[in-house]
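So you can see what is in the structure, the chains are spelled out below.
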Amino acid sequence: MITCFDIGGTFIRHGALQPDGTVAECGRVATPGNDWNAFVSAIEQCAGEGSSPISISLAGAFDTRTGMADVANIPCLHKRAVSRDLEEALGRKVLITNDANAFALAEAVDGTGRGKPVVFGIILGSGVGGGLVVNGELVTGYGGIAGEWGHGPIMDPTAGGSLKGLQHYPCGCGQTGCIDAVCSARGMEKIHKSLHGVDVSSKDITKAWHEGEASGTETVEVFTTLLSRALSVLVNTLGPDVIPVSGGLSNDTALLDEIDRKTRSLVLADYGAPLVVRGQFAANGGLHGAGIVARKTFGEGTA
Ligand SMILES: [Zn+2]
């Protein structure tokens, strides 16, 4: 039995790959963030007896040349060749896929992008991420980096060119003014603080917007404008058939409708139908995507 994992900074979710390609979720355990041996034990417990392969979706970047992982929110995996070290510790074949890539793959093979040539799956949550799938195959990119549209500074460094005079927020990647720093849920909160001087959660900001309240409306207006501008460049570059969205902000369909409307108004191609939509696997793209990676590696019908 192949066990699939969706590993985040807080929880490890796991499930069993079924012959029909679905993943039956079995449960979740807390992620041992700072202790490698405890992490290995947790994986071993979830996978059960035997030496069958496991397939993992993990929030992090993996250098395809060295295998080295960059996993900021799970310190015991950071700067470690996770798949090689896990294979040694467990005596099993270990497949590892970035979580945004797993989501994009799930959408392209079995979700909103099924049968469509170019699928750009994006994550709008505490950070901004993405994955690109072309003709059903994941684009892994040079050094293991592709689809990561959240990084690279977009904010105009001159005060006059910055929308509403927004500051240039530092990003976790070390640069300043990245899409991740302004177009994530945390970014929305920073925009709100910058415009209105108060700390409010992204949930409360969007709630205020839904209720027509002025400050929340202004924040969402600025947020969706910045996000759509950045996304429009990606759309013109990649020509996606669909942009499925996952992450905390994807639960707000009105927000996605607004991002979709603005993005389609800025791009060159005439999309006659919604382009930015909530992913069919928004809630379980990691597990389902890990299952697809296993199917692609070991053959359809594998379980
Ligand atoms: Zn960045």
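Described below are features of the structure shown in this document. (Residues numbered from 1 in each chain as written. Predicted model: local features only at pLDDT ≥ 70, side-chain atom pairs only at ≥ 80, totals over all residues. Heavy atoms only, no water.)

### Re the pattern of salt bridges
In this structure the tally under the stated criterion is 15 salt bridges. In this structure, the salt-bridge partner of aspartate 6 is arginine 13, at a minimum N-O distance of 3.9 Å. Arginine 13 matches aspartate 6 in its accessibility class, with the two residues each being buried. Three or more residues are tied together by salt bridges with common partners; here these are Asp6, Arg13 and Glu25. (Salt bridge = Lys/Arg side-chain N within 4 Å of Asp/Glu carboxyl O. Buried < 20%, exposed > 50% of the residue type's maximum accessible area, 1.4 Å probe, protein only.)

### Structural notes on the packing of aromatic side chains
Enumeration according to the criterion identifies 2 aromatic pairs in this entry. Centre to centre, the rings of tryptophan 36 and phenylalanine 39 are 6.0 Å apart; their planes meet at 20 degrees, and the pair counts as stacked. With a gap of 3 residues between them, tryptophan 36 and phenylalanine 39 both fall in helix H1 (residues 36–47), about one helical turn apart. On the basis of relative accessible area, tryptophan 36 is assigned to the buried category, the value being 14%. Of the residues examined, phenylalanine 39 reaches a relative accessible area of 1% and is grouped as buried. Against the face of tryptophan 36 rests arginine 80, its NZ or CZ located 3.8 Å from the ring centre. (Phe/Tyr/Trp six-rings, centres within 6.5 Å; stacked < 30°, edge-to-face > 60°. Helix = DSSP H or I, 4+ residues; strand = E, 2+ residues; numbered from the N terminus. Lys NZ or Arg CZ within 6 Å of the ring centre and 35° of its normal.)

### As for the side chain of serine 184
If you trace the backbone, serine 184 turns up in the loop between helix H4 (179–183) and helix H5 (185–196). For serine 184, a relative accessible area of 1% translates into the label buried. In this structure, serine 184 is in contact with Gly125, Ser126, Gly127, Val128, Ile179, Phe223 and Leu249, ignoring residues within four places of it in sequence. (Contact = heavy atoms within 4.5 Å.)

### Some words on the coordination of the zinc ion
Donor atoms from the polypeptide that coordinate the zinc ion comprise His151 (ND1), Cys171 (SG), Cys173 (SG) and Cys178 (SG), at 2.1 to 2.4 Å from the metal. Considering all 4 donor atoms around the zinc ion, angles at the metal cover 98 to 126 degrees and the coordination shape is tetrahedral. The sequence pattern formed by the donor residues of the zinc ion is H-x19-C-x1-C-x4-C. Taken together, the positions of histidine 151 in the loop between strand S10 (137–138) and H4 and cysteine 171 in the loop between S10 and H4 put the pair 20 residues apart, joining distant regions of the chain. Overall, histidine 151 belongs to the partly exposed group, its relative accessible area being 35%. Taking the relative accessible area as the measure of exposure, cysteine 171 reaches 10% and is therefore buried. (Donors = N, O, S within 2.8 Å, 3.2 Å for Na, K, Ca; no water. Tetrahedral: all angles 85-135°; square planar, octahedral: opposite > 155°, others 65-115°.)

### Looking at helix H9 (residues 285–298)
Under the 1.5 Å per step criterion, the end-to-end length of H9 is 20 Å for 14 residues, consistent within 8% with the ideal 20 Å. Counting buried positions over the 14 residues of H9 gives 11, a clear majority of the element. Looking at the buried side of H9, the elements it contacts are strand S1 (3–7), strand S2 (11–17), strand S3 (23–30), strand S4 (54–58), strand S7 (94–98) and helix H3 (99–110). Taken from the residues just after H9, glycine 299 is the one with a positive phi, measuring 105 degrees. (Expected span 1.5 Å × (residues − 1).)

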